Amino acid sequence: MLIRNGTAFIPIQDHRDKPAREDVFAQDRDRVVRQVPLRSDRHRIVFIGDSFTEGIGIPYEKTFVGLVEEALAPRGIEVLNAGAASYTPIIDYRRARQLVEDVGLRFDELVVFIDIGDIQDETTYALDAQGNVTFKQNRWLREDRANWYQGKPAWLAWFPVYQFLRKNTLVLSTAYEYVLLRSSRGPRRAAAWTLEEQAFQEYGLEGLTKAGKHMDLLADLAAAHGIRLTVAVYPWPDQILAGDRDSRQVRFWSAWAETKGVGLIDCFPSFFQGSGEE
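Values in this document were obtained by computation on a predicted structure and should not be read as measured data.

Estimates place the volume of the largest pocket at around 480 Å³. Taken together, 20 residues make up the lining of the largest pocket; nearest its centre are Gln-120, Asp-121, Asn-147, Ala-190 and Trp-236. Those elements that provide at least two residues to the lining of the largest pocket are helix 4 (118–122), helix 5 (137–149) and helix 8 (189–192). It is helix 5 that contributes the most residues to the lining of the largest pocket, 4 residues altogether. Residue composition of the lining of the largest pocket, grouped by class: 6 nonpolar, 6 polar and 8 charged.

Attention shifts here to helix 6 (residues 159–168). Working note: α-helix, 3.6 residues per turn, so residues spaced by three or four point in the same direction. Taken together, the buried positions of helix 6 are occupied by Phe-159, Tyr-162 and Leu-165. All buried residues of helix 6 project into a common sector of 125° when viewed along the axis, lining one side. Along helix 6, exposed side chains directed more than 90 degrees from the buried face belong to Phe-164, Lys-167 and Asn-168. On its buried face, helix 6 is in contact with helix 5 and helix 7 (170–183).

Criteria and cut-off values
Residues numbered from 1 in each chain as written. Predicted model: local features only at pLDDT ≥ 70, side-chain atom pairs only at ≥ 80, totals over all residues. Heavy atoms only, no water. 1 Å grid on protein atoms, 1.4 Å probe; cavity = no way out; pocket = protein on both sides within 12 Å on 5 of 7 lines; lining within 4 Å. Points joined across faces, edges and corners; volume = space filled by probe spheres on them. Helix = DSSP H or I, 4+ residues; strand = E, 2+ residues; numbered from the N terminus. Nonpolar A, V, L, I, M, F, W, Y, C, P; charged D, E, K, R; others polar. Buried < 20%, exposed > 50% of the residue type's maximum accessible area, 1.4 Å probe, protein only. Arc of directions from axis to C-beta. Contact = heavy atoms within 4.5 Å.

Printed below as a string of structure tokens:
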């Protein structure tokens, strides 16, 4: 099933061989599920990525995918959105493979939006022997705990206290979170890998290496099926505030795209029209 804009209905663990269908499901502008034919006479572009691509909380016509669809419709180009919250390159690859090889969806171009936070998330996933995505819960718990401590004063941040308050008192836990938020400094940890060497060594290098390998698989898949692949990158507010124009994110994926001979959309300049403090 394919989502024009909304939640993906096929769980990661269900990305297995499935019988071919004559259509897949998508959502229209009112987020009503409808059927999309597997083949189209029109040039078809599929976008995939996480919640930024999905456009959570925004009317479809105001999401960037919706705007692209509106702009390309007069040229007879069809736009579909396969993005969903928490997708990362490993899931992008498995989802695309499921759509192309299992479902039989045909399209001409695939545009993958790679989020800053994808790199940390990549450390918590792996492909099993059958090529399905598995979740490494212990690694996720470790990263989640480290994320919580990031930027908070050591004398105030105590994770057991936070857990106790969350379980027992809404008022005090909310007050504690507010004080911690006001006392926090620096970038969020999921964004810090482009800004701080420590975060890059703790998870960034591993996550970036894994993301590159999974995008290699996606590039091979696209080439095997005659699909034009494009990669897009964009900053988080943390990168904008830090003035991270020459970001590791841009450098890595620019080099990767050049090596693979695929297109690259660098959205960073659009977010740096003014100074980092604006």
